[in-house]
Amino acid sequence: MKRSNSNLYRLSRRNFVAQAGQLGIAGMLGSLSWTARSDESIDLPFWNGQRELVTNFPQKGAMILQRTQPALLETPFEVFDQGVFTPNDRFYVRWHLPNIPTFIDPDVFRLKIHGRVGKPLALSMHDLLHDFPRVQIAAVNQCSGNSRGFFKPRVAGAQWSNGAMGNALWGGVRLKDVLDRAGVDSAAVQVRCRGLDSGILPATPNFMKSLTLDHARDGEVMIAYEMNGEPLPLLNGFPLRLVVPGWYATYWVKMLAEIEVLDQPDDNYWTAKAYLIPDTPGANITPVQKDVKMVPINRMVPRSFFTNLKDGAAVKRAQALKVRGIAFGGDTGVDKVMVSADAGHRWQEARLEMDHGKYSFRRWEIALRLANAGPHKLMVKAVNNSGMAQPDDANWNGSGFMRNAVESVSLQVS
Amino acid sequence: MNLKLRTFSELLSTTIGLTLLSSVALQSWAQNQASTEKADIPRAKVGVVLPSSATTFPAGDGADIANSHCLICHSAGMVLLQPALSESQWQTIINKMRTAYGAPLPADQINALAAYLSKIVSEQDAPASATTK
């Protein structure tokens, strides 16, 4: 009756060993133990928020375990205080489908480009590395449902705190250059990207996401083979991942293996039915609102966070308090970051640190002096270069997407 | 370069006991390549072992349905970490699993499974155990 995943797993491990022998792969990166667990746990600040901190995922350090299979791993928030780029071994992980290849030989791997093109291509890693200009872009990758655990009323889905995001320097080739090499037909309208992950059940749809042709050819959308100067960790999409700067991570297809140029709008499940948001400002509706027009999630919105202050921390009165954090503008750069020490009555502008590009995290800092004893509510709000500010009140929708309300921490001053 | 890797691998893969040693060796080989030939680093082979979960659903009416159907595609962790949801909310989720992902759950078991899930993740009780996923 019971069909435990450990059985499935042992099967796949045997396959791995057999495959490894045939292919002559001798090395296994990451943990050799598949039962190792950390004793540590962390309490995320919402009901049923206790999570394990685990270190047993390959090429990953300590991560917050949201689900083992398919892996959902959250970045512990203190990592964001350590620098503007999120280390690869702490970068969050989100997979939809259970069959994730565990062995990749880049010498055998091919990226296929087909559909409405003049010349279908099967590009090797060598081709991508040597036949196209190499480009780099710093960009935030954020799950559509980052911070879902804070929705009120709560909604179903992965119960992330704020760590389903990360910022990396991505290196690779422009999708535009690859499409141009294949020669896109004049009838083409969309570009559909598919990864190597798949379902166990035959009826489970393969993970595919589509972009409009214009978006795919904007010169910013990238096929990345590097993440912070290294190959991507397997769980972040090795050997190739689509990078869609300024857009939610659902479009950043991992283990990208196939690009199909379509002459009709994509009607596959993941593009047409999953990841839809209300077509309202901030994807915001009320829990009782019905018959709302839904559209595919798309551009990110601005956010900012405190990274060196924990909610409920005790601080000394009248002492210089260095407050710092990160911000990002969503689909454009950060114009300014405002901090309030009095629950939003008065706002001061924080100093922005080095600009790594408009799609990157931006570190900010401000020195405060809290004169009065008692509780203080500190708030932070980013405004992006389009003039969009984080809303004071959180949005709500049934999928728990696009949360970006002003963040706050309460301090006890004595 | 490929010849070098093949020879190296074949030599080591003859003995299973040398797997750990070869892991260290392959990583250091990859690192050497990284320093001298940065543009080629994504060409190193990668093999990993992904952790599994042995967690099953807690005892109760409906646990056998959950264990025999939900665990086909995903481990139990994320289910047990949901907020308290009503039976009707769980029915919506179960129907999505059936229609969108092809879960082979008979229609006449939807209500029983929804009732079970709403009971095990309930604010009336202590939060579902988060110690195993």
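Every value quoted in this text rests on a predicted model; they were computed, and no experiment measured them.

Time to look at the overall build of chain A. Check the secondary structure of chain A and you find 5 helices and 26 strands. Its C-alpha atoms give chain A a radius of gyration of 22 Å, within 12% of the compact-globule value 22 Å for 414 residues. Buried positions account for 59% of the 414 residues belonging to chain A. For chain A, the computed accessible surface area is about 16500 Å², with 49% contributed by carbon and sulfur atoms.

Moving on: the sheet that holds strand 10 (residues 165-174) of chain A. Residues and elements named next belong to chain A. Across the sheet, which stays open at both edges, the 4 strands sit in the order 9-10-13-14 with antiparallel pairing between neighbours. Of all strands in the sheet, those bounded by a partner on one side alone are strand 9 (135-142) and strand 14 (241-243). Adjacent strand axes in the sheet meet at a mean angle of 55°, parallel and antiparallel pairs treated alike. Along the sheet face, helix 3 (residues 175-182) touches strand 10, strand 13 (222-227) and strand 14 and points at about 30° away from the line of strand 10.

On to the pairing of strand 2 (residues 50-54) of chain A, then. For a regular strand, the rule is simple: side chains alternate between the two faces of the sheet. Residue and element names in this part refer to chain A. Across the 5 residues of strand 2, 4 count as buried, placing the element largely inside the fold. Inspection of the sheet shows strand 1 (residues 41-43) paired to strand 2 by 3 bridges, in the antiparallel sense. Paired with Ser41 across the two strands is Glu52, which belongs to strand 2. Counted between consecutive antiparallel strands, the loop separating strand 1 from strand 2 contains 6 residues, among which Asn48 sits at a positive phi close to 60°. The sheet contact formed by strand 2 and strand 3 (residues 63-67) spans 2 bridges and is antiparallel. Residue pairing across strands places Val54 opposite Met63, the latter belonging to strand 3.

All names here are of chain A. By the assigned domains, chain A splits into domain 1 (2-274) and domain 2 (303-413). Taken over C-alpha atoms, the centre of domain 1 sits 29 Å from the centre of domain 2. Of the residues lining the interface, 32 residues belong to domain 1; the matching set on domain 2 comes to 27 residues. Across the domain 1 to domain 2 interface the summed buried area is about 2400 Å²; carbon plus sulfur atoms make up 60%. When the buried area of domain 1 at its contact with domain 2 is split by residue, Asp81, Val84 and Phe151 rank highest and sum to 25% of it. Taken together, the connections running from domain 1 to domain 2 amount to 1 salt bridge.

The subject of this paragraph is the pattern of salt bridges. Residues and elements named next belong to chain A. As enumerated under the stated definition, the model contains 17 salt bridges over all chains in all. Between Glu226 and Arg134 there is a salt bridge whose closest N-O contact spans 2.8 Å. Of this pair, Glu226 sits in strand 13 while Arg134 sits in the loop between helix 2 (125-130) and strand 9; the two residues are 92 residues apart in sequence, bridging distant segments of the chain. Asp279 is the salt-bridge partner of Lys293, the closest N and O atoms lying 3.4 Å from each other.

What follows covers the pairing of strand 10 of chain A. Residue and element names in this part refer to chain A. When you tally the buried positions in strand 10, you get 8 out of 10 residues, the bulk of the element. Where strand 9 and strand 10 come together, 8 bridges link them in antiparallel fashion. Note that in strand 10 the partner of Val140 across the bridge is Asn167. When strand 10 meets strand 13, the two strands line up antiparallel, connected through 5 bridges. If you follow Trp170 over to strand 13, its bridge partner there is Met227.

It is worth spelling out the sheet that holds strand 24 (residues 362-369) of chain A at this point. Residue and element names in this part refer to chain A. Sheet architecture is open: 4 strands sit in the order 18-20-24-23, paired in antiparallel fashion. Each edge of the open sheet is held by one strand with a lone partner, namely strand 18 (303-306) and strand 23 (351-352). Pairing of strand 20 (residues 320-328) with strand 24, which is carried by 8 bridges, proceeds in the antiparallel orientation. Considered in strand 24, the bridge of Lys322 is made with Ala367.

A separate point is the nonpolar core. All names here are of chain A. Ranked by internal contacts, the top residues of the largest apolar core, which has 98 residues, are Trp170, Ile223, Leu242 and Ile259. The dominant element in this core, judged by the number of residues it contributes, is strand 13, at 5 residues. Structurally, this core is a two-domain feature, drawing no fewer than three residues from each of domain 1 (2-274) and domain 2 (303-413). In contact with Ile223, other than residues within four places in its own chain, are Leu111, Gly171, Gly172, Val173, Leu175, Val178, Leu240, Arg241, Leu242, Leu256 and Ile259.

Here we take up the packing of aromatic side chains. In this description, an aromatic ring pair is defined by two values, namely the gap between the centres and the angle between the planes. Residue and element names in this part refer to chain A. Counted according to the given criterion, the structure contains 17 aromatic pairs over all chains. Where Phe306 meets Trp364, the ring centres are 5.7 Å apart and the plane angle is 75°; that geometry is what we call edge-to-face. Note that Phe306 is positioned in strand 18 and Trp364 in strand 24, a separation of 58 residues in sequence. Accessibility assignment for this pair places Phe306 and Trp364 in one class, buried. Aromatic rings pair up to connect Phe77, Phe80, Phe305, Phe328 and Phe361 into one cluster.

Further remarks concern the side chain of Ser53 of chain B. Positionally, Ser53 of chain B belongs in the loop between strand 1 (46-47) and helix 3 (63-69). Only 3.2 Å separates the side chain of Ser53 of chain B from the backbone nitrogen of Thr55 of chain B, close enough to count as a polar contact.

What counts and what doesn't
Residues numbered from 1 in each chain as written. Chains lettered and ligands numbered in written order. Predicted model: local features only at pLDDT ≥ 70, side-chain atom pairs only at ≥ 80, totals over all residues. Heavy atoms only, no water. Helix = DSSP H or I, 4+ residues; strand = E, 2+ residues; numbered from the N terminus. Rg over C-alpha atoms; globule rule 2.2 N^0.38 Å. Buried < 20%, exposed > 50% of the residue type's maximum accessible area, 1.4 Å probe, protein only. Areas by Shrake-Rupley, 256 points an atom, 1.4 Å probe, with all protein chains shown as cover. Pairing = 2+ DSSP bridges. Axes fitted to C-alpha atoms, helices over the stretch in contact; angles between N-to-C directions. Contact = heavy atoms within 4.5 Å. Domains from an automatic or database assignment. Buried area = accessible area lost by both parts, 1.4 Å probe. Salt bridge = Lys/Arg side-chain N within 4 Å of Asp/Glu carboxyl O. Core = buried A, V, L, I, M, F, W, Y, C linked by side-chain atoms within 4.5 Å. Phe/Tyr/Trp six-rings, centres within 6.5 Å; stacked < 30°, edge-to-face > 60°. Polar contact = N/O pair within 3.5 Å; in protein donor to acceptor, adjacent residues only side chain to side chain.

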